[in-house]
Amino acid sequence: MTETLERPTSEGTADDRANAWLSGFEDALTSGDVERASHMFAAESYWRDLIAFTWNIATVEHPAGVADLLNGTLENTRPTGWATTEPATEADGVVTAWIGFETSVGRGWGLLRLVQEDGEDKAFTLLTSMYELKGHEEPRGTHRPMGAEHGANKQRKTWAEQRQEEAETLGTTTQPYVLVIGGGQGGIALGSRLRQLGVPSLVIDKHPKPGDQWRSRYKSLCLHDPVWYDHLPYLKFPDNWPVFAPKDKIGDWLESYVTIMEVPYWSSTKALSAQWNEAKGEWTVEVEREGQTYQLTPKHVVFATGMSGRPRMPEVEGVDVFAGDVHHSSAHPGPDAYRGKKAVVIGSNNSSFDICGALWENDVDVTMVQRSSTHIVKSDSLMDIGLGDLYSERALEAGMTTEKADMTFASLPYRILHRFQIPAYEQMAERDKDFYSRLEAAGFDHDWGDDGSGLFMKYLRRGSGYYIDVGAAELVANGDVKLAKGQISHLTEDAVVLTDGTELPADLVVFATGYNSMNGWVAEIVDQETADRLGKCWGLGSDTTKDPGPWEGEQRNMWKPTQVENLWMHGGNLHQSRHYSLYLALQLKARFEGIDTPVWGKQEVHHTS
């Protein structure tokens, strides 16, 4: 995940050079000299800020962008104390330094990369992030709670009594400041952070128990991301946890996590409607919990419904006459009921391959219908080449903590991330060239992304179009899972018919056809006008397939202020749920405490869905 930058070196150690740059930068900022500070950045340079300066998640480019950011934020931020937090390093002419700093209200850390330009050290990339608010530190380490109240007290309440009283009053006599809709990994991670920050919050989910979001999926589902990538905040997986966790094990972990981290959580609860009350500055949210209706009045609502909206179920003629089972992949129960039958799975991404593989293992005659090209990467190659330097046992042995890995990945601006990815995927292509030759010979339409940058960029740009191969792609390559290509015309009583007239006999049809944008949930629970005002969620505006421009620089609407007042979106994989929940929680905490949060660079809406 590194790109070689050929730059001349300079005098002094890497640490001397980094601290000299930081000292000069602080001096320019303290004196309000924005022009001097901005010219300390290279002609091609990037500053990514995670709420420390902007109360937003924003990236600016080149000296002009740096000047814009500082002109809009410096007066309120008043940063000081810039210094390296450990010795800087140099490789290929690039100085890399972990840095710390403070602002008027918070403490931050980040990552700086310096290059030589015109004989001077200048910033190529700068990542700044806030990790805590002054005076509102989390009760951790030296700030941890006592737990026990020593001495005699006739009004004493035990821990259990306090928790019971809180549970009985929350949502009735006391209202949450933040309501989190969705209790999967995203909602739980945010709920735990808000709990630690002392922000009254409530996480609601329609399932009977935390973790049921995972338990209810098809039985063969396992995480395709490795354990080192998937930790939740505060509580890492034990070192004997499987590399790729089965879905039910993840479900049990999430359920226990809610209990251990004391996340206020209502299960069997569905959000029915939500309206913003401008006069009161609060939401009115009607929810149904185990058959009883409650009216909640939070100041903030967070949609933590994953990175997707409702399942995308194409309108196909003949679904009503098909005699077998037909459903979306999100509702697929698993292969057990279909042994000895014929199945057609529409789609060729992760869910499709997982389902096809499980069906084949249970003696089902399976056909996959590929409608458009798909990127496939071997799991072993991805773990080694794509993730190994950041998330692996070898990374841990080299001193790469989860927190440093998250920040390292975050420090590569999206505008140039593909440049760091392309060499890695070229290496994977070479390592597994025999596999790709066999896949192509089987007729599978494979791609490496629009620019050869592979899986991570497809995920960030569109959230679809890929499969991490844990075995099922081999079934397509060797013909055990049949492959058909084309678009669906209609269903008959016992077959799927493609537009070219091909008939695929079927007892089961699974539509592994993906999901719509997250703002669809806002349309359903609030209204369509609010969903349109919010705009599309996810994507970068890269102007690549399914990610229309203009360039936006960051994930649309995720983890930051939106164009809808006091409405927030939180989602993504376990890694993103862990990392970005911190910044969302700090933004909510600041508002709860009445800290001024002037937002700089709020994204405009270019796409409504």
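Residues numbered from 1 in each chain as written. Predicted model: local features only at pLDDT ≥ 70, side-chain atom pairs only at ≥ 80, totals over all residues. Heavy atoms only, no water.

(A) Expanded view of the overall build of the protein chain. Tallying secondary structure elements over the protein chain gives 18 helices and 25 strands in all. The globule rule puts the C-alpha radius of gyration for 609 residues at 25 Å, and the 26 Å found for the protein chain is close to it. Principal-axis analysis of the C-alpha atoms gives the protein chain an extent of 75 × 70 × 45 Å. Expressed as a percentage of its 609 residues, the buried residues of the protein chain come to 56%. Counting only contacts in the protein chain whose residues sit at least 6 apart along the sequence, the fraction spanning at least 24 positions is 67%. Each charge class in the protein chain was averaged separately, 57 positive and 89 negative side chains, and the resulting centres sit 4 Å apart. (Helix = DSSP H or I, 4+ residues; strand = E, 2+ residues; numbered from the N terminus. Rg over C-alpha atoms; globule rule 2.2 N^0.38 Å. Buried < 20%, exposed > 50% of the residue type's maximum accessible area, 1.4 Å probe, protein only. Contact = heavy atoms within 4.5 Å. Lys, Arg positive; Asp, Glu negative; His and termini not counted. Charge placed at Lys NZ, Arg CZ, Asp CG, Glu CD.)

(B) The sheet that holds strand S22 (residues 495–498), seen in detail. Spatially, 3 strands are ordered S21-S22-S23 in an open sheet, and the strand pairing comes out antiparallel. Looking at the sheet topology across the chains shown, the edges are occupied by strand S21 (488–491) and strand S23 (503–505). Along the sheet, successive strands turn relative to each other by an average axial angle of 25°, direction set aside. Summarising the sheet, S22 and S23 pair through 3 bridges and their orientation is antiparallel. Residue pairing for S23: Val496 is matched across the bridge by Leu504. (Pairing = 2+ DSSP bridges. Axes fitted to C-alpha atoms, helices over the stretch in contact; angles between N-to-C directions.)

(C) How the structure looks around a negative patch on the surface. Side chains of Asp325, Glu493, Asp494, Glu503 and Asp507 sit close together on the surface and give a patch of like negative charge. Inspection of the secondary structure assignment puts Glu493 in the loop between S21 and S22. Here Glu493 falls in the exposed class, since its relative accessible area comes to 55%. (Patch = residues over 30% accessible without salt bridge, like charges linked within 9 Å, V, L, I, M, F, W, Y side chains within 5 Å. Areas by Shrake-Rupley, 256 points an atom, 1.4 Å probe, with all protein chains shown as cover. Salt bridge = Lys/Arg side-chain N within 4 Å of Asp/Glu carboxyl O.)

(D) Spotlight on the packing of aromatic side chains. Scanning the model with the defined rule gives 30 aromatic pairs in all. Ring centres of Phe53 and Trp82 lie 6.2 Å apart, and the angle between their planes is 40°; on these two criteria the pair is classed as tilted. Here Phe53, found in the loop between strand S1 (41–50) and strand S2 (57–61), pairs with Trp82, found in strand S3 (residues 80–84); they are 29 residues apart in sequence, far enough to count as distant. Take Phe53: its relative accessible area is 2%, and that puts it in the buried class. Seen in terms of ring centroids, Tyr459 and Tyr466 are 6.4 Å apart; in terms of plane orientation they differ by 70°. Their pairing is edge-to-face. (Phe/Tyr/Trp six-rings, centres within 6.5 Å; stacked < 30°, edge-to-face > 60°.)

(E) Highlighting the side chain of Lys247. Following the sequence through the fold, Lys247 ends up in helix H7 (residues 247–260). The residues contacting Lys247, other than those within four sequence positions of it, are Trp214, Arg215, Arg217, Tyr218, Lys219, Leu221 and Cys222.

(F) Region of the structure containing the confidence of the model for the protein chain. With 98% of its residues at a pLDDT of 70 or more, the protein chain shows a mean pLDDT of 94. With pLDDT under 50 throughout, residues 1–9 is counted as low confidence; its partners more than four residues away or in other chains account for 23 contacts. (pLDDT = per-residue confidence, 0-100.)

(G) Structural context of helix H11 (residues 402–410). Most of H11 is tucked away, with 8 of its 9 residues classed as buried. Inspection of H11 places Thr402, Lys404, Ala405, Asp406, Met407, Thr408, Phe409 and Ala410 among the buried residues, and these make up the whole buried set.

(H) Representation of the side chain of Arg556 in the model. Turning to its location among the elements, Arg556 is positioned in the loop between helix H17 (528–534) and strand S25 (567–569). Side-chain polar atoms of Arg556 contact the side chain of Asp547, separated by 3.3 Å. The contacts of Arg556, once residues within four sequence positions are left out, are Lys536, Cys537, Trp538, Gly539, Leu540, Gly541, Asp547, Pro548, Gln603 and His607. (Polar contact = N/O pair within 3.5 Å; in protein donor to acceptor, adjacent residues only side chain to side chain.)

(I) Geometry of the pattern of salt bridges. Per the stated rule, a full pass over the model turns up 42 salt bridges. For the salt bridge of Asp363 with Arg339, the shortest nitrogen-to-oxygen distance reads 3.0 Å. With Asp363 in the loop between helix H8 (350–361) and strand S17 (365–370) and Arg339 in the loop between strand S15 (325–328) and strand S16 (342–346), the pair connects residues that are 24 residues apart, well separated along the chain. A single salt-bridge network, built from bridges that share partners, covers Glu102, Arg107, Glu132, Lys134 and Glu137.

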